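Now for the letters of each chain:
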Amino acid sequence: MNVFVGPPNTGKTKWLQTLDFLLGDPGANPYESAEAEGLAEKYAAAGAVLQIGEDAFRIERRWTEPGAKGKVFVDGEGMPAREFQHWLMEKLAIPVVNFPKGNPMSGQTWPELGFRSLLRHIHRQQRFWGSLVDLQPDAEFHASLLSFLGLADRVYSEDYGALVKLRLEAMSLRAKREQYGQTLNDLAADLLDDDDVSLGVSDTTIFAAQQRLRDTVQKLQDKRMHVLAEASARTIPLAQRSRVESLSYARAEALEALTAVSRKRQAAEERLKDVLTYRKDLADEIDRMARAADAGDILSDLRVTHCPACDQALKAAHDPENCFVCHQRLPDAPEIEGLGVVRLRFEQDRLKGELKEADDLLDVLRRDVKKQASEAWSAEQALRAIEVELGPARQAVAALAQADVSAIDVALGQAAERAKQMDRVTAALELGKSLTAQVEALEDQIRPLADRVDESFRAIDFDAASQWLEDGMNAYLEALNRERPHTWKHSPVEIDLTRSSVTFRIGRKKWQGALGGTDTLYFLMAYNYGLLSLSPRPETHYPGLAIIDVPGEFSGESVGDKENFIVQPFIDLLNGEALEGAQLIITGSAFTGLTGVHVQTQTHVHIA
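Analysis parameters
- Residues numbered from 1 in each chain as written.
- Predicted model: local features only at pLDDT ≥ 70, side-chain atom pairs only at ≥ 80, totals over all residues.
- Heavy atoms only, no water.
- Pairing = 2+ DSSP bridges.
- Helix = DSSP H or I, 4+ residues; strand = E, 2+ residues; numbered from the N terminus.
- Axes fitted to C-alpha atoms, helices over the stretch in contact; angles between N-to-C directions.
- 1 Å grid on protein atoms, 1.4 Å probe; cavity = no way out; pocket = protein on both sides within 12 Å on 5 of 7 lines; lining within 4 Å.
- Points joined across faces, edges and corners; volume = space filled by probe spheres on them.
- Nonpolar A, V, L, I, M, F, W, Y, C, P; charged D, E, K, R; others polar.
- Core = buried A, V, L, I, M, F, W, Y, C linked by side-chain atoms within 4.5 Å.
- Buried < 20%, exposed > 50% of the residue type's maximum accessible area, 1.4 Å probe, protein only.
- Phe/Tyr/Trp six-rings, centres within 6.5 Å; stacked < 30°, edge-to-face > 60°.
- Lys NZ or Arg CZ within 6 Å of the ring centre and 35° of its normal.
- Polar contact = N/O pair within 3.5 Å; in protein donor to acceptor, adjacent residues only side chain to side chain.
- Contact = heavy atoms within 4.5 Å.

Before going further, it helps to examine the pairing of strand S4 (residues 71-74). As paired elements, strand S3 (residues 55-62) and S4 share two bridges and run antiparallel to each other. Opposite Ile59, over in S4, you have Val74 as the bridge partner. Pairing analysis gives four bridges linking S4 to strand S5 (residues 77-80), with the strands arranged antiparallel. The residue of S5 that forms the bridge with Val74 is Glu77.

One open sheet holds the four strands; their spatial order is S2-S3-S4-S5, and the pairing between them is antiparallel. The open sheet has two edge strands with one neighbour each: strand S2 (45-52) and S5. The average undirected angle you get between the axes of adjacent strands in this sheet is 30 degrees.

Turning next to empty space enclosed by the protein. For the structure shown, the criterion picks out two cavities of 30 Å³ or more. By volume, the largest cavity amounts to about 80 Å³. In this structure, the largest cavity is lined by Arg120, His121, His123, Arg124, Gln125, Phe128, Leu132, Val133, Asp134 and Asn528. Secondary structure elements with two or more residues in the lining of the largest cavity: helix H4 (115-122) and strand S6 (123-124). Per-class residue counts for the lining of the largest cavity are three nonpolar, four polar and three charged.

Generally speaking, soluble globular proteins have nonpolar side chains that are buried together. Counting 108 residues, the largest nonpolar core has Met1, Phe504, Phe523, Tyr527 and Ile586 as the members making the most contacts within it. Here the element with the most residues in this core is helix H14 (residues 517-533); it accounts for ten residues.

The description of an aromatic ring pair rests on the distance of the ring centres and on the angle between the ring planes. Applying the stated criterion across every chain yields a total of 17 aromatic pairs. Three or more aromatic residues joined by ring pairs form one cluster here, namely Phe141, Phe504, Trp511, Phe523 and Tyr527. The ring centre of Phe73 lies 3.9 Å from the NZ or CZ of Arg62, which sits over that ring. Taking NZ or CZ as reference, Arg124 lies 5.3 Å from the ring centre of Trp129, over its face.

Time to look at the layout of surface pockets. Unfilled space is identified by rolling a water-sized probe across the atoms. The calculated volume of the largest pocket comes to roughly 1,200 Å³. If you go around the largest pocket, you meet 48 residues; those closest to its centre are Leu50, Gln51, Gly544, Leu545 and Gln583. Contributions of two or more residues to the lining of the largest pocket are made by strand S1 (2-5), helix H1 (12-22), S2, helix H3 (81-91), H4, strand S13 (583-588) and strand S14 (598-601). The element contributing the most residues to the lining of the largest pocket is S2, with eight residues. Here the residues of the lining of the largest pocket are counted per class, giving 32 nonpolar, 13 polar and three charged.

Relative to the helices and strands, Thr540 is located in the loop between H14 and strand S10 (545-549). Overall, the relative accessible area of 7% leaves Thr540 in the buried class. A polar atom in the side chain of Thr540 sits 2.8 Å from the backbone oxygen of Leu534. Among the polar contacts made by the side chain of Thr540, one reaches the main-chain carbonyl oxygen of Arg537 at a distance of 2.9 Å. Apart from the residues lying within four places of it in its own chain, the contact partners of Thr540 are Phe148, Leu149, Gly150, Trp468 and Leu534.

Any functional reading would require information beyond the geometric quantities listed.
This is the structure in structure tokens:
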């Protein structure tokens, strides 16, 4: 136990602020704003030795050295303050976790729980005696406490983070599907009957609407034929009706024949185009073969002069009858020289044969195209003749039934357009189905993951963990009563800890509403004592260090040896074998008469 004592303005708080700065504070050094006391000129760096287990490390901050202002030096090696925090967490064997700020399903990014957040619990500054940890959000306080109790890495596990991510994605897809469905309903309102709209757009409603539309189209077509038949009966003499009917049948046959001939003609023209392209490719290939033959004649006398692997010049083989590259027996010279020529000639002959076949096929296709064009012309002429003969009868019928037929044609056109729009809605429904399929796929991933997370949470004994801290705090308050009877007159401290919140109560009341000013100071001291008492437990991650900057007045009066009773429980705790190596650094105005502590007395008063 280390005690800093001295009157006000002797630098006790400044030394603790320096230690806080050494432990990775990314802000300004504690002397930057102390020009009036002359400290800014006096101090240019600070250092300390950290004993972590069996290892000792020297840490330094050098705020005047160029390029070193934002770094922490560990055994002379500089690292950024954030990197130093990761290093320190690793050395202290405290898992680095990410925790949700409030509701895990809020969609906010989970920040990292760093050492600076934990240090807010370890170091109680003189200006922060109004809460357990002043100015720390509830979510961060809860995550820090879970970390000290050894539960943070189990609560904020990778499975839990993955589960939240999947659930957020599923929620987003559901919202997208719902919004998409509402938009589709609005767009399809004009296509569906009122009854269908009230039920919403679905495969069933669209199919029913399409069926009704097909029935409507069939009725319009039947009505159109009836109107035309009735008009024909009224305008065409009985003696000419058989001729008009036969011409109508002939016209239909002529149209069918013209359509068939047109299809054949188009197919023949496409085939002719393909063969023309093929013939051009053959001709180009023959030209390339000819150029290769000419190049072979020119390059045939060239020999390999350098190794293709190492590029060294090749030496002549000892046996002129062997190849000087592969050293195999050379065949007769005429045979070697003729091999390439034979292969080229064979390829040229093959290509010329294919070219001749292509030319013959082109002749056949050109005749076929010409024939189809002639047949198409004949079919067009026959249809034109029928159309001319039917003209007077058509004009007579049209004059009588034009208005009715036009109205029916308009209705048929509207129905056709409506059918196209329904087809588009049907296609749009597939997107909704795709969203549903994506949601179902996510649910398939969520279910087993949620089961694992729930099982993990059920295996965590939050009550037992909170009892450890609760016992430590109550042990301190009981020790106060032994040192000074009736100091703590309230009920014991009770802690309710869950995976998402923590509540400190005195009896049935939250501690803030149950305690006055002085009792609040005892309660806060008990919190630091309770945390320090966690250090020997192997399942916890409290690092065995507490730093407390006691207010200038305690118990509402100036203190001397009167403050000893608040420190004695810490002395007794640290003297136990279980907390060997743990440390408390505390400030006070006197602490006279304490035994078993290291006292550092500050005497020089810094006056502005």
